[in-house]
Amino acid sequence: SGSYDVEATSSDAVSGIEKVRFPSGLDDAAAPYRATYGFADLAGPQTVTAFDNAGNSADAGFTVTEDTDAPSGGSVSYADGYDADGQVTVTVDAGADAFSGVDASSAVLERRTVPLAGGACDPFAGGWTTVTSPDTVASGLCAQYRHRVSDRVGNEAVHGSGDVVKVDLADPTLPVLTLSEASPYAHVSGSEIFLNTDEIDW
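Owing to the predicted nature of the structure, the values given are computational and were not obtained by experimental measurement.

Student: An account of a nonpolar patch on the surface is requested, with residue identities and associated values reported.
Tutor: On the surface, Leu-179, Ile-193 and Leu-195 cluster together into a nonpolar patch covering about 250 Å² of accessible area. Residue classification places Leu-195 among the exposed residues on the basis of a relative accessible area of 53%.

Student: Lay out the sheet that holds strand β5 (residues 44-52) in plain terms, naming residues and giving numbers.
Tutor: Hydrogen bonds between backbone atoms are what pair the strands of a sheet, whose relative direction is either parallel or antiparallel. Spatially, four strands are ordered β3-β2-β5-β6 in an open sheet, and the strand pairing comes out antiparallel. Across the chains shown, the open sheet's two edge strands, defined by having one partner strand only, are β3 (26-28) and β6 (57-64). With direction set aside, neighbouring strand axes in the sheet form an average angle of 20°. Relative to β6, β5 runs antiparallel, the two being bridged by eight bridges. By the bridge assignment for β6, Pro-45 is matched with Thr-63.

Student: Could you give me a rundown of the pairing of β5, with the residues and numbers involved?
Tutor: With respect to burial, β5 is a largely interior element, seven of its nine residues being buried. In this structure, strand β2 (residues 17-22) lies alongside β5, joined through four bridges in antiparallel fashion. The partner of Arg-21 across the bridge, within β5, is Thr-49. Between β5 and β6, which pair antiparallel in sequence order, lie four residues; one of them, Gly-55, sits at a positive phi of approximately 90°.

Definitions and limits used
- Residues numbered from 1 in each chain as written.
- Predicted model: local features only at pLDDT ≥ 70, side-chain atom pairs only at ≥ 80, totals over all residues.
- Heavy atoms only, no water.
- Patch = residues over 30% accessible without salt bridge, like charges linked within 9 Å, V, L, I, M, F, W, Y side chains within 5 Å.
- Areas by Shrake-Rupley, 256 points an atom, 1.4 Å probe, with all protein chains shown as cover.
- Salt bridge = Lys/Arg side-chain N within 4 Å of Asp/Glu carboxyl O.
- Buried < 20%, exposed > 50% of the residue type's maximum accessible area, 1.4 Å probe, protein only.
- Pairing = 2+ DSSP bridges.
- Helix = DSSP H or I, 4+ residues; strand = E, 2+ residues; numbered from the N terminus.
- Axes fitted to C-alpha atoms, helices over the stretch in contact; angles between N-to-C directions.

What follows is the structure in structure tokens.
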């Protein structure tokens, strides 16, 4: 919404609370004591003061800190190259955030795929799909992964990798054999070759 609330509770058993003064001189004389601020209204240390009806006061403080930096130092990693079982294990590191901290619940692992043919992958151009690790990838596909994570105020980091998984679960076609001989001491009959090893000069 572009705004936030600051709420205070205070009591005085003798004379009662007259008002609570918030930053920028905003006074609230009725409980619950509250003030609303826009994101650009305050910065740095702030003070909230409660006043009783006898003129006594008590202070409490909070700090407003700008945080526009995404988490840093994160990564996504997985085995590069051919995969023969279609199960891809992806390891992620959300990194760290020096201000509001990393929001672990925002983490998303995503995959995109393209066809694999003749050992080459088509150019990656499609959208990303949310997956979990280990991820199942169909034969004949190339896959890439990325990891998205935000801090607690919505700054998002996207960790990617240049590695590509190539999944091939299909066996090659059966070999077709052709037997031939060019020696008077060898003879081919169907799928069998006969050799006169007594005539071979070892």
